[in-house]
Amino acid sequence: MDLTANIQPISQQQQAEVRRATYQCIKQAGLLYQREFKELQVDFDLSGKCAGMYQVKRSLRRIRFNPWIFAKYYADSLGDTVTHEVAHYIVDCIYGLRRVKPHGSEWQAVMRDLGVEPKATGNYDLTGIPIRQYQRFAYSCGCRIHQLTVLRHRKILKGRAKYLCQYCHGPLTEVLPEK
Ligand SMILES: [Zn+2]
Ligand SMILES: [Zn+2]
């Protein structure tokens, strides 16, 4: 977690309001397209830079919202982000996710039908919102484990750089995660 984070996630009461807005939006889509879309699970467990995410894992479809970004941009999120993720869900129900581009013409049409201008990503100032640290890659030299940035990791993979341990002067080799 970023130590400068100082935004508090939205309250239980606001979560309930967001959930209601989500189900309202799904109902609206049902009226528009004359079919029933089931209410799906709505969680507030998303962190990082995304305001929302529509996720399908096996048979579970759910929408995940970022309670920090919702806290900072509540009105926007309640309108745009909720509709954005519901539109992904509706497109999935109608076309199937594999058959369309994530923010392609089908998704854009659903957004317009639901009364929101289709923009793929929000342009938020994330100051104060906890952002996950950039991914690191573990390398070993023989004396210790080094955590390399993705930039250095890519340079090594492309053969454009070699790094030596500053303590034992051994070359760094990647520690592959155990499967
Ligand atoms: Zn999207
Ligand atoms: Zn070393």
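Before reading on, note that the structure itself is shown above.
Residues numbered from 1 in each chain as written. Chains lettered and ligands numbered in written order. Predicted model: local features only at pLDDT ≥ 70, side-chain atom pairs only at ≥ 80, totals over all residues. Heavy atoms only, no water.

Considering the coordination of the zinc ion (ligand 2)
Then comes step 1: Those donors, Cys-141 (SG), Cys-143 (SG), Cys-165 (SG) and Cys-168 (SG), are the protein atoms that reach the zinc ion (ligand 2), and they lie 2.3 to 2.4 Å from it.
Then comes step 2: In terms of primary sequence, the donors binding the zinc ion (ligand 2) are separated according to C-x1-C-x21-C-x2-C. Taken together, the residues Cys-141 in the loop between strand S4 (136-140) and strand S5 (145-149) and Cys-165 in the loop between helix H5 (150-157) and strand S6 (173-174) connect sequence positions 24 residues apart. The residues Cys-141 and Cys-165 share a single accessibility class, namely buried. (Donors = N, O, S within 2.8 Å, 3.2 Å for Na, K, Ca; no water. Helix = DSSP H or I, 4+ residues; strand = E, 2+ residues; numbered from the N terminus. Buried < 20%, exposed > 50% of the residue type's maximum accessible area, 1.4 Å probe, protein only.)

A look at the sheet that holds strand S1 (residues 41-43)
Then comes step 1: The three strands are arranged S1-S3-S2 in an open sheet whose pairing can be described as mixed. Of all the strands in the sheet, just S1 and strand S2 (52-57) have a single pairing partner and so form its edges. The average angle at which neighbouring strand axes cross in this sheet is 25°, direction not considered.
Then comes step 2: Bridge count for S1 against strand S3 (residues 60-65) is three bridges, and the pairing is parallel. If you follow Gln-41 over to S3, its bridge partner there is Arg-62. (Pairing = 2+ DSSP bridges. Axes fitted to C-alpha atoms, helices over the stretch in contact; angles between N-to-C directions.)

Describing helix H4 (residues 105-113)
Then comes step 1: Of the positions making up H4, those classed as buried are Trp-107, Val-110 and Met-111. For H4, the arc enclosing every buried residue in end-on projection is 100°, short of the 170-degree limit, so these residues lie on one face.
Then comes step 2: Looking at the buried side of H4, the elements it contacts are helix H1 (12-33) and helix H3 (74-95).
Then comes step 3: Positioned one or two residues after H4, Gly-115 has a phi angle of 85°, which is positive. (Arc of directions from axis to C-beta. Contact = heavy atoms within 4.5 Å.)

Some remarks on the pattern of salt bridges
Then comes step 1: Enumeration according to the criterion identifies four salt bridges in this entry.
Then comes step 2: The residue Asp-43 makes a salt bridge to Arg-62 at a minimum N-O spacing of 2.6 Å. In this pair, Asp-43 is assigned in strand S1 and Arg-62 in strand S3, connecting sequence segments 19 residues apart. Residue Asp-43 shares its accessibility class with Arg-62, and that shared class is buried.
Then comes step 3: Among the salt bridges present, the one from Asp-45 reaches Arg-62, with a minimum N-O distance of 3.0 Å. Separated by 17 residues along the polypeptide, Asp-45 in the loop between S1 and S2 and Arg-62 in strand S3 bring together distant segments of the chain.
Then comes step 4: The class for Arg-62 is buried, based on a relative accessible area of 14%.
Then comes step 5: One salt-bridge network, held together by shared partners, links Asp-43, Asp-45, Arg-62 and Arg-64. (Salt bridge = Lys/Arg side-chain N within 4 Å of Asp/Glu carboxyl O.)

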